Amino acid sequence: MQKKIEHVIAPLLLIAGIAVSAFTAFWLYEMEKKSLIISFQREVDLRATSLHWDLTLNFKALRDLGIFFEKSSVPDHDEFRALAREIMKHLPHIDALEWIPRITSDNKAEQLEIIKEHYPDFEITQRQDQGIMVPASTKEEYFPVYFVEPYKGHEIALGFDLSSDTTRWKTLKTARDTGQPQVSASITLVQEKGKQKAFLAVAPVFRGTSETIAERRKNLTGFVLGIYRASDLFKASKVTGQASDIHMIMVDNTDGNAEKLGENFSEIEHEHNEHHEQPLYYAKDLPPLLGRLWSVTSHPTRHYIADNISPLPYVVFLFGVLFSTMITICAGMLIKRNHIINQKVSEQTRDLIEAQAARTDFQNKLIEMNKMASLGEMSAGIGHELSQPLGTILLKCQMLPKALNQRDYDKSLKFAEDIRNQAMRAKEIMDSLRIISRDAKPEDKTSIELNQVIRKAEVLIKEDLTMNGIQLAKELSPDIYIYASPVQLGQVVANLLTNARDALKESDEKRITIRSYKKDGNGILEIEDTGSGIPEQYQSKIFEPFFTSKPVGKGTGLGLSMCYSMVQDNEGEITFTTSAGQGTCFTVTFPLTRS
Ligand SMILES: Nc1ncnc2c1ncn2[C@@H]1O[C@H](COP(=O)(O)OP(=O)(O)OP(=O)(O)O)[C@@H](O)[C@H]1O
Ligand SMILES: [Mg+2]
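All of these numbers come straight from a predicted model, not from anything done at the bench. (Residues numbered from 1 in each chain as written. Chains lettered and ligands numbered in written order. Predicted model: local features only at pLDDT ≥ 70, side-chain atom pairs only at ≥ 80, totals over all residues. Heavy atoms only, no water.)

Q: Explain the overall build of the protein chain to me, please; I cannot follow it from the model alone.
A: If you tally the helices and strands in the protein chain, you get 14 helices and 20 strands. Buried positions account for 42% of the 595 residues belonging to the protein chain. As displayed, the protein chain offers around 33400 Å² of accessible surface, 56% of which is attributable to carbon and sulfur atoms. (Helix = DSSP H or I, 4+ residues; strand = E, 2+ residues; numbered from the N terminus. Buried < 20%, exposed > 50% of the residue type's maximum accessible area, 1.4 Å probe, protein only. Areas by Shrake-Rupley, 256 points an atom, 1.4 Å probe, with all protein chains shown as cover.)

Q: It is not clear to me how the pairing of strand E19 (residues 573–579) should be interpreted in this structure. Could you clarify?
A: Looking along a regular strand, one sees the side chains alternate between the two faces of the sheet. Bridge count between E19 and strand E20 (residues 583–591): 7 bridges; the pairing is antiparallel. Bridge pairing in E20 links Ile-574 to Val-588. In sequence, E19 turns back onto E20 through a hairpin of 3 residues, with Gly-581 there showing a positive phi of about 80°. (Pairing = 2+ DSSP bridges.)

Q: Quick question: what am I supposed to make of the nonpolar core here?
A: Generally speaking, nonpolar side chains in soluble globular proteins are found buried as a group. Among the nonpolar cores identified, the biggest contains 74 residues, and Leu-55, Phe-59, Leu-97, Phe-199 and Trp-294 are the most heavily contacted of them. Grouped together as the second largest cluster of nonpolar side chains are 34 residues, Ile-448, Val-492, Ala-500 and Cys-563 included. (Core = buried A, V, L, I, M, F, W, Y, C linked by side-chain atoms within 4.5 Å.)

Q: Please clarify how the packing of aromatic side chains should be interpreted in this entry.
A: Any two aromatic rings considered together are summarised by their centre-to-centre distance and by the angle between their planes. In this structure the tally under the stated criterion is 15 aromatic pairs. On the numbers, 5.3 Å between centres and 35° between planes, the contact of Phe-143 with Trp-169 is tilted. Here the residue Phe-143 occupies a position in the loop between strand E5 (141–142) and strand E6 (147–149), and Trp-169 occupies one in helix H4 (residues 166–178), the gap between them amounting to 26 residues. Residue classification places Trp-169 among the partly exposed residues on the basis of a relative accessible area of 21%. Ring geometry for Tyr-538 against Phe-547: centres 5.1 Å apart, planes inclined by 65°, an arrangement best described as edge-to-face. (Phe/Tyr/Trp six-rings, centres within 6.5 Å; stacked < 30°, edge-to-face > 60°.)

Q: Sorry, what's going on with the environment of Ala-201 here?
A: Mapped onto the elements, Ala-201 comes out in strand E8 (residues 198–206). With a relative accessible area of 1%, Ala-201 lands in the buried category. Measuring from C-alpha to C-alpha, the distance between Ala-201 and Tyr-228 comes to 7.8 Å, with 27 residues separating the pair along the chain.

Q: I keep staring at the sheet that holds strand E13 (residues 294–300) and nothing clicks. Help me out?
A: Within a sheet, neighbouring strands are paired by backbone hydrogen bonds and run either parallel or antiparallel to one another. Strand order in this open sheet of 4 strands is E11-E10-E13-E12, and the pairing throughout is antiparallel. Edge positions in the sheet fall to strand E11 (259–263) and strand E12 (282–285), since each of these pairs with one other strand and no more. Mean inter-strand twist for the sheet, computed between neighbouring axes without regard to direction, equals 30°. Where strand E10 (residues 246–252) meets E11, 4 bridges bridge the pair, whose relative direction is antiparallel. The residue bridging Met-250 from the neighbouring strand is Gly-262, located in E11. (Axes fitted to C-alpha atoms, helices over the stretch in contact; angles between N-to-C directions.)

Q: What is the right way to read a nonpolar patch on the surface from this model?
A: There is a patch of nonpolar side chains on the surface, built from Ile-5, Ile-9, Leu-13, Phe-319, Phe-323 and Ile-327 and spanning about 540 Å² of accessible area. Where the nonpolar patch is concerned, the elements lending two or more residues are helix H1 (2–71) and helix H9 (312–405). Inspection of the secondary structure puts Phe-319 in helix H9. For Phe-319, a relative accessible area of 58% puts it in the exposed group. (Patch = residues over 30% accessible without salt bridge, like charges linked within 9 Å, V, L, I, M, F, W, Y side chains within 5 Å. Salt bridge = Lys/Arg side-chain N within 4 Å of Asp/Glu carboxyl O.)

Q: Is there a simple way to explain the pattern of salt bridges in this structure?
A: Oppositely charged side chains can form a pair if their charged atoms are brought close together. By the definition in use, this model includes 28 salt bridges. Between Arg-176 and Asp-177 there is a salt bridge, with the nearest N and O atoms lying 2.9 Å from each other. No difference in accessibility class separates Arg-176 from Asp-177, as the two residues are buried. Three or more residues are tied together by salt bridges with common partners; here these are Arg-102, Glu-141, Arg-176, Asp-177 and Arg-217.

Q: Would you mind showing me how to read the sheet that holds strand E1 (residues 96–101) here?
A: Taking strand neighbours across the sheet as the criterion, the 5 strands line up as E6-E1-E9-E8-E7 in an open arrangement whose pairing is antiparallel. The strands lining the two open edges of the sheet, one partner per strand, are E6 and strand E7 (182–183). Of the strand pairs in this sheet, E1 and strand E9 (residues 220–229) are connected by 6 bridges, and their pairing is antiparallel. The partner of Ile-100 across the bridge, within E9, is Phe-223. In the packing of helix H2 (residues 77–90) onto the sheet, the strands contacted are E1 and E6, and the crossing angle to E6 comes to about 30°. Along the sheet, H4 makes contact with E7, E8 and E9, crossing E8 at roughly 35°. (Contact = heavy atoms within 4.5 Å.)

Q: Explain the UniProt feature "transmembrane region" (unreviewed entry) in the protein chain here, please?
A: As annotated by UniProt and renumbered to match this structure, "transmembrane region" (unreviewed entry) occupies residues 12–29 and 312–335. For residues 12–29, the helix share is 100%, the strand share is 0%, and the end-to-end C-alpha distance is 25 Å. With 100% helix and 0% strand, residues 312–335 has its two end C-alpha atoms placed 33 Å apart. (UniProt positions renumbered as here; feature names shortened; annotations may be inferred.)

Q: Teacher, can you tell me more about the packing of helix H12 (residues 486–503) against helix H14 (residues 559–569) here?
A: Axes are the key here: two packed helices are described by the angle between their axes and the distance separating the axes. Following both chains from N to C, one finds H12 and H14 inclined at 150°, their axes separated by 9 Å at the closest point. With respect to their mutual orientation, H12 and H14 come out roughly antiparallel. Here H12 runs over H14; the crossing is left-handed. Residues Gln-488, Gln-491, Val-492, Asn-495, Leu-496 and Asn-499 of H12 form the contact with H14, whose own contacting residues are Gly-559, Leu-560, Cys-563, Met-566, Val-567 and Asp-569. Here the residues of the contact of H12 with H14 sort into 6 nonpolar, 5 polar and 1 charged. (Parallel < 35°, antiparallel > 145°, perpendicular 65-115°, else oblique. Left-handed = near helix turned anticlockwise from the far one by under 90°. Nonpolar A, V, L, I, M, F, W, Y, C, P; charged D, E, K, R; others polar.)

Below, the structure written as structure tokens:
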């Protein structure tokens, strides 16, 4: 499970890192885009306002020219030309300025005579379907182009009767009847060689004051007319002229069919700059102008977007991905290291457990050996101890049949009793032996009389002590009941006695005193010897397992450590006092039980 988690952590970190980077980058990109849209729309608003202002100035100039015609009763060709040139110098977007006189069937001949003084070939014309100019058909009223400035390039327009064309005539009629300048819908100029659209701005000129439509129709002398090629006008506009970074289209919405008038991009520019990012499309309506409802639609070029959007989101994303990759690599390395360490730790733990098990096994073997060694040491004494009752039993068994044959029943009874007593003695010795050699178990614990245990241990070692010339003294108080395992307590006494025996080897006075008494609610056992005493440097170590001062092969060093843990198992305490050359006294204390 742990391993599985470790395996998925690194990829998860990478995925999370990339996801967070992508989200942050996307959020930044959206913010940038929002601010781009706002600044783009502001820019378009500014440019549209500027365009509107330009157009207003243009139409005002046209009106001023109209006022001049109202004042001079007979328009003069040269004066018109000078004035028109002056206007066009300041307003370069005007393609041409024209004077369109009203020629009625009544004054047609007279008017044409005057006109032909300047233009001998002048003829009122109209346009046929294929764009061919032909003489105008006979009508009540004509509105032919008369003065054109500049003349060059517009020669074909001279004499063209504007009332012969529906769109143009509609504009003229509205201007005449309202007395207000008007702008036409999109038209194609008769002098147009390309595909550009144009529109006309006309200002009506009246003789005297005209209040009603009827008066206006009667007093109309003609129209001052300005020609505007929409795209040129758009491009020449102060702000949009410099703005090659935003594609702007001028649209006429007056008739509700959103007719494209012109744009600020040429076709070549289109190829380089085209950008169709729909969310950034923006349309701005211009205020109504001389009867027309125009608007400007726009979208930014790639160039504009590149200039106005920062590369921050991409940088953030790139940096985020790099950072996540680094973190993932570091995490991977850490996890791998951790894994190796864990593996080592578990290997070492396993080795330790195995070593501990081997040690415990070894210790158990040593303990067993210690027990066997003690028994071995005692076996001579035990053998002697057993031989005495067994010898007596043998002897009495031989004597018993004789006494029976002699019908000496008293003697026979005495022999039988002796045999029984000696057998009991042998059994007692074997019982003691069993206590020492058995494995102690916790369930062995019971209420025991301390002196009983002492006596059993004594039986086993007594002969050994006698053989070593050691005198054993006992100062035992009766009825000391403690709660302990007789087996373990027996082993403790036997160990302490063998240690005392060993300590007495070099001593002149060889005596061991076993004491038992009660003190402060405790049952106390003391084994004191008149031996060598324990040297000071050993005193802190004697209860440690395997500590021995005896020659190799003689002692295991486990005796006292076993005593220590067995006494502790039985809620007791073991201490000692010693003095060099004087001897040692081991004291074992157990809480008393009632009986
Ligand atoms: N009564 C004593 N007098 C002097 N030294 C003692 C006495 N009892 C124990 N010692 C010292 O304590 C050491 C440890 O005793 P312990 O019973 O644990 O091991 P051992 O007797 O050396 O070996 P083993 O018990 O296996 O025969 C002894 O080697 C000895 O130096
Ligand atoms: Mg010992």
